[in-house]
Amino acid sequence: MLLIAGLGNPGPNYAKNRHNIGFMAVDEIARRWGFSAARSRFQSHASEGAIDTPQGPIRTLILKPQTFYNEAGRAVGEAVKFFKLDPPTDVVVFYDEIDLAPGRFRMKAGGGAAGNNGVRSITSQIGPHFRRARLGTGHPGDKALVHGHVLSDFHKADMRWVEPLLQACADAAPLLALGEDEKYQAEVMRLAPAEKLDPRKLARGE
């Protein structure tokens, strides 16, 4: 069993926020691979299905925690305990990353929370050794502006990179399911290229 969790806040008011790109990514994976309709489970909207790979289908559970972003660990921890999962291999978390330029994508295994309260919450429940799928949303250029930035909606113009990135995350999912994180990252960036820029300098127009 592979657990793929997306981070975001529940409800229509947050649906288009930058902070909710994790929800958007797992929704696209569920759609692309024909997962079941979501139902309430593990304090989340949960969808079940399988991702087809050259080695056969990988049974997968997708979670969208409904606990609010900063308490996502409660939901993820519940599912990990129920299925007796091994976080370093069996748990992937998709979330927004302000320290990556818009459209950039990076996989990471373990590490600290880097100020992300959702990641900190998950770490408190299952430890730090889970796989992280980081979706670049850009930085506002000033630390004081971060809260408003992540809780504001994507602009219409952002959809030119958001939609290809989400589709690439879904189309390349067989590599993710097989645990080939470096290859998955490379394939996502091949399918949805984005220029490697300093997000703070970009925000300041430098």
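To be clear, the structure that these remarks concern was listed above.
Calculation criteria
- Residues numbered from 1 in each chain as written.
- Predicted model: local features only at pLDDT ≥ 70, side-chain atom pairs only at ≥ 80, totals over all residues.
- Heavy atoms only, no water.
- Pairing = 2+ DSSP bridges.
- Helix = DSSP H or I, 4+ residues; strand = E, 2+ residues; numbered from the N terminus.
- Axes fitted to C-alpha atoms, helices over the stretch in contact; angles between N-to-C directions.
- Buried < 20%, exposed > 50% of the residue type's maximum accessible area, 1.4 Å probe, protein only.
- Salt bridge = Lys/Arg side-chain N within 4 Å of Asp/Glu carboxyl O.

Here 7 strands make up an open sheet; going across it, the order is β2-β3-β4-β1-β5-β7-β6 and the pairing mixed. Two strands bound the open sheet, and with one partner strand each, they are β2 (39-41) and β6 (105-109). Each strand axis lies, on average, 30° off the axis of its neighbour in the sheet, ignoring direction. Sheet topology places strand β5 (residues 91-97) next to strand β7 (residues 131-136); 6 bridges connect them, and they run parallel.

Attention now goes to unusual backbone geometry. Residues other than glycine predominantly adopt negative phi, and peptide bonds predominantly adopt the trans conformation. The phi dihedral of Gln 43 is positive, around 55°, even though this residue is not glycine. Among the structural elements, Gln 43 can be located in the loop between β2 and β3 (44-51). For Gln 43, a relative accessible area of 33% corresponds to the partly exposed category. Located in the positive-phi region is Lys 84, a residue other than glycine, with phi close to 55°. Position of Lys 84 among the secondary structure elements: in the loop between α2 (72-83) and α3 (87-90).

Our next topic: the pattern of salt bridges. The final tally for this structure, using the stated rule, is 10 salt bridges. Notably, a salt bridge pairs Arg 32 with Asp 171, separated by 2.9 Å at the nearest N-O pair. Here the residue Arg 32 occupies a position in helix α1 (residues 21-32), and Asp 171 occupies one in helix α6 (residues 159-171), the gap between them amounting to 139 residues. For Arg 32, a relative accessible area of 35% gives the class partly exposed.

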